[in-house]
Amino acid sequence: MNRTLNPVIVMRGLITVLVESKRSAGHSKWSNIRHIKAEKDMERHFLFTKLAKQMKIAILEGKSNKPVENTKLANVVERAKKSNMPITRIDSILRDPVKKEVSKTYVIDVQGPASSRFVVSFETDQFAHSKVELRTIANKLGFSVGDSSALRHFICRGVILTEVKGDLGAAEEIAINAGIDDVQQIERDGEKLFQFICQPELIKKFVNILEKSYNIVEAEEEYIPQTYINLSEENLEIVHKFYEKLQTMKTITKVFDNIA
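Because the structure is a prediction, the values reported are computed rather than measured.

Draft legend 1. Just the environment of Gly 112, in detail. For Gly 112, the position within the fold is in the loop between strand E1 (104-111) and strand E2 (117-124). A residue is classified by how much of its surface remains accessible, and Gly 112, at 18% relative accessible area, is buried. A C-alpha to C-alpha distance of 9.0 Å links Gly 112 and Val 145, two positions 33 residues apart in sequence. Not counting residues within four places of it along the chain, the set of residues in contact with Gly 112 comprises Phe 118 and Phe 143.

Here you go:
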């Protein structure tokens, strides 16, 4: 596979060492550590939100809230446990009635201090409400919700994560035959996964192909900055507060930024 793509396509929240290597030497060690921790906390929060949604979908599709009777649900619950999702939250989802939701995925760009830019991805059936909620958080911190012009500073890629089955060589063979751009093995929260990379408009097509051989963990678009910027400690502190506030929004699934 084309390994030259790897430095660009790896999501900053998945392999932290890449994030740490981009931190400016001009930042204090505490400032860097705190910012990295904020990103990790945010990724963890959004991962739990996503897993909760996947459990609800599995319950609706499998018509059972009991993992022993619902294979898809059992797989999601197992991933949730491996990701250290609180057992009380898992039990709550399995116990409470699940209503069918009709939500779509949206992305909104936000501009922060010193040319920092953010792409906020969320799933909702109330786009206008979510945008107002995001704008309120952004405005209070001096950020601004953009008109999608900031998206040109990012490269959009389709990312499909699957459970590991067999070796990487077999996964590469499947990817080559299907026309998928790249595949590699990664680790997230202690769980080994295959990460397939493709053009975003081909995600659905390749999910249909890959699910014949693997259990799909997630499939979505990710935004990788074309260039990174360094922020002062003062501005990093503002970004840290922004991340904290975003965790109050239940519809957000991921946030991407161009901060080194």
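From this point on, the discussion continues.
Draft legend 2. Quick peek at the pairing of strand E5 (residues 182-188). Most of E5 is tucked away, with 5 of its 7 residues classed as buried. Relative to strand E6 (residues 191-198), E5 is paired through 7 bridges, and the arrangement is antiparallel. Its bridge partner lying in E6, Glu 187 is registered against Lys 192.

Draft legend 3. Highlighting the packing of helix H4 (residues 71-82) against helix H5 (residues 87-95). Where H4 meets H5, the axes come as close as 10 Å, and the angle between the chain directions of the two elements is 160°. With respect to each other, H4 and H5 are oriented roughly antiparallel. By crossing handedness, the relation of H4 to H5 is classed as right-handed. In contact with Leu 73, Val 77, Ala 80 and Lys 81 of H4, H5 contributes Ile 87, Ile 90 and Leu 94. Among the residues making up the contact of H4 with H5, the classes are represented as 6 nonpolar, no polar and 1 charged.

Draft legend 4. Region of interest: the layout of surface pockets. Estimated volume of the largest pocket: approximately 1,800 Å³. Lining the largest pocket are 50 residues, and of these Lys 50, Lys 53, Gln 54, Ile 57 and Glu 123 lie nearest its centre. When contributions to the lining of the largest pocket are tallied by element, the ones reaching two or more residues are helix H3 (29-62), H4, H5, E1, E2, helix H6 (127-140), helix H8 (203-210) and strand E7 (216-225). Considering every element that reaches the lining of the largest pocket, the biggest residue donor is H3, with 10 residues.

Here is what the cut-offs are and how they apply
Residues numbered from 1 in each chain as written. Predicted model: local features only at pLDDT ≥ 70, side-chain atom pairs only at ≥ 80, totals over all residues. Heavy atoms only, no water. Helix = DSSP H or I, 4+ residues; strand = E, 2+ residues; numbered from the N terminus. Buried < 20%, exposed > 50% of the residue type's maximum accessible area, 1.4 Å probe, protein only. Contact = heavy atoms within 4.5 Å. Pairing = 2+ DSSP bridges. Axes fitted to C-alpha atoms, helices over the stretch in contact; angles between N-to-C directions. Parallel < 35°, antiparallel > 145°, perpendicular 65-115°, else oblique. Left-handed = near helix turned anticlockwise from the far one by under 90°. Nonpolar A, V, L, I, M, F, W, Y, C, P; charged D, E, K, R; others polar. 1 Å grid on protein atoms, 1.4 Å probe; cavity = no way out; pocket = protein on both sides within 12 Å on 5 of 7 lines; lining within 4 Å. Points joined across faces, edges and corners; volume = space filled by probe spheres on them.

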